[in-house]
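What follows is the residue order along each chain.
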Amino acid sequence: MVSEVKTVSGRGIPLVGNDIDTDRIIPARYLKAVTFDGLGEGVFIDDRTALKGEHPFDQPQYQGAKILIVNRNFGCGSSREHAPQAIAKWGIQALIGESFAEIFFGNCVAMGIPCLTADAVTVKQLQDLVTANPQADVTVNLETLQVQISDYTAPVVIGEGTRSTFISGTWDACGQLVANADQVRTTAAKLPYVGWGNFAAS
């Protein structure tokens with residue numbers, strides 16, 4: 001199974017504000033969901049309701065956007081996996097921000113959604129460019145570590161270990177297990193734990 005993520009291209013959506021926590025991304029009442037299906041409809045729902053259609057996720061010019069541009073400490077608060085799931089179900093495939101909460105970042109990586117960072121000046125420039133021209137294509141390149149909007153190009157940052165897992169496709173732990181099921185069974189059969197032999201034979 002190949003799950004390489006080398007570039008993400010699409011329209012952008014700016015979300016201005018620091019310390020946007022996971023409860024704002026998807027409120028706790030949505031945690032009762034048995035699956036993650038339908039979470040996209042609830043993303044930022046309380047903020048969207050309060051702003052009465054003026055939230056970027058409600059504005060028509062940003063519908064179908066794939067790259068979310070945020071500010072500092074995005075995804076802080078609880079560790080709920082529902083937050084990146086809701087963002088992904090809405091259609092976001094990559095994020096650029098000043099910084100991300102560690103657990104939120106890890107949950108995104110586990111889903112194949114790169115979270116790249118840039119300095120505050122660059123992030124504001126990206127947000128301003130997308131605001132001025134919502135139809136502009138935004139391209140995030142994990143191989144060159146650059147983001148491009150029209151004629152504007154800027155550097156972005158992601159840890160080398162994380163970057164390499166995206167480029168090689170090894171970020172997908174479940175996919176790796178499925179692709180190497182025979183090796184897993186062989187290894188499990190050699191382990192001296194009770195019951196592993198049954199697993200190997202199944």
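Residues numbered from 1 in each chain as written. Predicted model: local features only at pLDDT ≥ 70, side-chain atom pairs only at ≥ 80, totals over all residues. Heavy atoms only, no water.

Looking at an unreviewed UniProt entry, one finds the protein chain named 3-isopropylmalate dehydratase small subunit and attributed to Nostoc flagelliforme FACHB-838. What UniProt records for the protein chain under Catalytic activity (unreviewed entry) is the sentence "(2R,3S)-3-isopropylmalate = (2S)-2-isopropylmalate". (UniProt positions renumbered as here; feature names shortened; annotations may be inferred.)

Student: For the overall build of the protein chain, give the residues involved together with the corresponding values.
Tutor: Counting its regular elements, the protein chain contains nine helices and seven strands. Among the 202 residues that make up the protein chain, the fraction classed as buried is 42%. Partitioning the intrachain contacts of the protein chain with sequence separation of at least 6 by distance along the chain shows that 68% fall at a separation of at least 24. If you sum the accessible surface of the protein chain, you get close to 10,300 Å²; carbon and sulfur atoms cover 53% of it. (Helix = DSSP H or I, 4+ residues; strand = E, 2+ residues; numbered from the N terminus. Buried < 20%, exposed > 50% of the residue type's maximum accessible area, 1.4 Å probe, protein only. Contact = heavy atoms within 4.5 Å. Areas by Shrake-Rupley, 256 points an atom, 1.4 Å probe, with all protein chains shown as cover.)

Student: Explain the sheet that holds strand 6 (residues 146–149) residue by residue, including any values.
Tutor: Strands sit in the order 4-3-2-1-5-6-7 across an open sheet of seven strands; the sheet is mixed. Because the sheet does not close on itself, it has two edges, and the strands there are strand 4 (115–117) and strand 7 (152–155). On average, each strand axis in the sheet is inclined to that of its neighbour by 30°, with strand direction left out of account. Judged from the four bridges that link them, strand 5 (residues 137–141) and strand 6 form a sheet pairing that is antiparallel. Within strand 6, the position partnered with Val140 by the bridge is Val147. (Pairing = 2+ DSSP bridges. Axes fitted to C-alpha atoms, helices over the stretch in contact; angles between N-to-C directions.)

Student: Hey, could you go over the pattern of salt bridges for me, with residue numbers and the actual values?
Tutor: The full count for this structure, using the stated rule, is seven salt bridges. Residues Glu4 and Lys6 are paired through a salt bridge, measuring 3.6 Å at the closest nitrogen-oxygen approach. A residue is classified by how much of its surface remains accessible, and Lys6, at 30% relative accessible area, is partly exposed. (Salt bridge = Lys/Arg side-chain N within 4 Å of Asp/Glu carboxyl O.)

Student: Could you give an account of the nonpolar core, with specific residues and numbers?
Tutor: Counting residues in hydrophobic clusters, the biggest one holds 51 residues, and the most contacted among them are Ile25, Leu68, Phe74, Leu95 and Phe104. Tallying contributions element by element places helix 3 (residues 82–90) first for this core, with four residues. (Core = buried A, V, L, I, M, F, W, Y, C linked by side-chain atoms within 4.5 Å.)

Student: Go over the side chain of His55, please, and point to the residues and values.
Tutor: As for its position among the elements, His55 is in the loop between helix 2 (45–51) and strand 2 (67–69). In this structure His55 touches Leu15, Phe44, Asp47 and Arg48, once residues within four positions along its chain are discounted.

Student: Could you give an account of the pairing of strand 6, with specific residues and numbers?
Tutor: Only one face of strand 6 is covered, namely the one carrying Val147 and Ile149; the face carrying Gln146 and Gln148 has none of its residues buried. Joining the antiparallel neighbours strand 5 and strand 6 is a turn of four residues, in which Leu145 adopts a positive phi near 55°. Relative to strand 7, strand 6 is paired through four bridges, and the arrangement is antiparallel. Across the sheet, Ile149 pairs through a bridge with Tyr152, a residue of strand 7. Linking strand 6 to strand 7, which pair antiparallel, is a turn of two residues; within it Ser150 sits at a positive phi near 55°.

Student: Break down the packing of helix 3 against helix 4 (residues 102–110) for me, citing the residues and quoting the values.
Tutor: Closest axis-to-axis distance for the helix 3/helix 4 pair is 9 Å, and the angle between their directions is 50°. Classified by the angle between their axes, helix 3 and helix 4 sit oblique to one another. The handedness of the crossing between helix 3 and helix 4 is right-handed. Here Ala83, Pro84 and Ile87 of helix 3 come into contact with helix 4, specifically with Phe104, Asn107 and Cys108. A class-by-class count of the residues in the contact of helix 3 with helix 4 yields five nonpolar, one polar and no charged. (Parallel < 35°, antiparallel > 145°, perpendicular 65-115°, else oblique. Left-handed = near helix turned anticlockwise from the far one by under 90°. Nonpolar A, V, L, I, M, F, W, Y, C, P; charged D, E, K, R; others polar.)

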